[in-house]
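Descriptive structure summary
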Amino acid sequence: MSTLHVVSHSPFTDSRLDSCLRICGSQDAILLCGDGAYGLQQSALHTQGVKVFVLAEDLQARNLSLPDWAERVDYPGFVQLSITYDKVNAWL
Amino acid sequence: MKFAIAVFSAAHAPSSRRALLFAQAALAGGHEIVRLFFYQDGVHSASNNIVAPQDEQDIARQWREFVSQHQLDGVVCIAAALRRGMLDQGEATRYQRSAVNLEAPWALSGLGQLHDAAQNADRLICFGGT
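Figured I'd write up the structure that's included with this text. (Residues numbered from 1 in each chain as written. Chains lettered and ligands numbered in written order. Predicted model: local features only at pLDDT ≥ 70, side-chain atom pairs only at ≥ 80, totals over all residues. Heavy atoms only, no water.)

**Details of the overall build of chain A**
Looking only at helices and strands, one finds 4 helices and 5 strands in chain A. A globule of 92 residues ought to have a C-alpha radius of gyration of about 12 Å, and chain A, at 12 Å, matches this closely. Projecting the C-alpha coordinates of chain A onto the three principal axes gives extents of approximately 35 × 30 × 25 Å. Residues classed as buried in chain A amount to 55% of the 92 residues present. (Helix = DSSP H or I, 4+ residues; strand = E, 2+ residues; numbered from the N terminus. Rg over C-alpha atoms; globule rule 2.2 N^0.38 Å. Buried < 20%, exposed > 50% of the residue type's maximum accessible area, 1.4 Å probe, protein only.)

**Quick word on the overall build of chain B**
Helix and strand content of chain B: 5 helices and 5 strands. Helices (α) and strands (β) of chain B occur, in sequence order from the N terminus, as β-α-β-α-β-α-α-β-α-β. By its C-alpha atoms, chain B is 45 × 40 × 25 Å across when sized along the principal axes. Going through the 130 residues of chain B one by one, you find that 45% of them count as buried. Excluding contacts between residues fewer than 6 apart, the proportion of contacts in chain B whose partners are at least 24 apart in sequence is 79%. (Contact = heavy atoms within 4.5 Å.)

**Thoughts on unusual backbone geometry**
Here the amide bond leading from B:Ala104 into B:Pro105 is cis, since omega sits at 15°, within 30 degrees of zero. Relative to the helices and strands, B:Pro105 is located in the loop between helix H4 (89-94) and strand E4 (106-109). Although it is not a glycine, A:Asn63 sits at a positive phi angle of roughly 55°. For A:Asn63, the position within the fold is in the loop between helix H3 (56-61) and strand E4 (70-73). Overall, A:Asn63 belongs to the exposed group, its relative accessible area being 72%. Of note, the phi angle at B:Gln71 is positive, near 50°, even though the residue is not glycine.

**Description of the interface of chain A and chain B**
If you look at the interface, chain A gives 19 residues, while chain B gives 18 residues. Taken together, the two surfaces of chain A and chain B that pack against each other cover about 1,400 Å², and 65% of this comes from carbon and sulfur. When the buried surface of chain A facing chain B is broken down by residue, A:Tyr75, A:Val79 and A:Leu92 rank first, second and third, together holding 36% of it. At the junction of chain A with chain B, the criterion picks out 1 salt bridge. A salt bridge links A:Glu57 to B:Arg17, with the nearest nitrogen and oxygen atoms 2.9 Å apart. Taken together, the connections running from chain A to chain B amount to 6 residue pairs in polar contact (both at pLDDT 80 or more). (Buried area = accessible area lost by both parts, 1.4 Å probe. Salt bridge = Lys/Arg side-chain N within 4 Å of Asp/Glu carboxyl O. Polar contact = N/O pair within 3.5 Å; in protein donor to acceptor, adjacent residues only side chain to side chain.)

**Description of the packing of helix H1 (residues 14-28) of chain B against helix H2 (residues 59-69) of chain B**
All names here are of chain B. It is the contact of H1 with H2, at a shortest axis distance of 10 Å, that shows an interaxial angle of 25°. Considering their axes alone, H1 and H2 lie roughly parallel with respect to each other. Like other packed secondary-structure pairs, H1 and H2 cross with a definite hand, here left-handed. On H2, the residues that touch Ser 16, Arg 17, Ala 19, Leu 20, Ala 23, Gln 24 and Leu 27 of H1 are Ile 59, Gln 62, Trp 63 and Phe 66. Classifying every residue of the contact of H1 with H2 by side-chain character gives 7 nonpolar, 3 polar and 1 charged. (Axes fitted to C-alpha atoms, helices over the stretch in contact; angles between N-to-C directions. Parallel < 35°, antiparallel > 145°, perpendicular 65-115°, else oblique. Left-handed = near helix turned anticlockwise from the far one by under 90°. Nonpolar A, V, L, I, M, F, W, Y, C, P; charged D, E, K, R; others polar.)

**Side note on the packing of helix H4 (residues 75-84) of chain A against H1(B)**
Interaxial distance between H4(A) and H1(B) falls to 8 Å at its minimum, and their mutual angle equals 80°. As judged from the angle between their axes, H4(A) and H1(B) are roughly perpendicular. Between H4(A), through A:Tyr75, A:Pro76, A:Phe78, A:Val79 and A:Ser82, and H1(B), the contact on the second element is made entirely by B:Arg17, B:Arg18, B:Leu21, B:Phe22, B:Ala25 and B:Ala26. Grouping the amino acids of the contact of H4(A) with H1(B) by side-chain chemistry returns 8 nonpolar, 1 polar and 2 charged.

See below:
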């Protein structure tokens, strides 16, 4: 059973992303959106081997560069990810 | 694919807009939305008294038009709505309040509708926070 974790809070304001990484399984993925896109600056993110996606508009709005270990998705891509993974867990 | 979408944030929060764009993309992709459930501060997204600044997007209006256009089941949690002063005509009359700020296409109902939607959908997607 795979889960897509949706994180919309910056890792620099709270520990949601850390908590998320702690419980992430090897089949899981993380979708960063909103201020969560700043998670791309968190080196811990790609050392875990979890797939990382970022919402394209939030990446662009914050003028962040896309690391080679992350992938950008638009809204149709977001919908597709929510289908590809068995469950979607939003870190409200 | 059947989606149930729960919105926990007000119309002025980025996550409410994100939920709307997700819902639009889901329908555009040929999927079905079995229900939209507005809970906690999400009930504000259904207010018809929101006046957005002219140079900003009116997400509450966009939600209303989206739900009407696609004849979706837009459910607003009644307990969350009442405590935030969101009343339809029936509740305003019942509690003798002067203002009505919730009209069709929205429907006030209970939390059971979220549970029901989650059971009937293939995926429950929640939007909230920032």
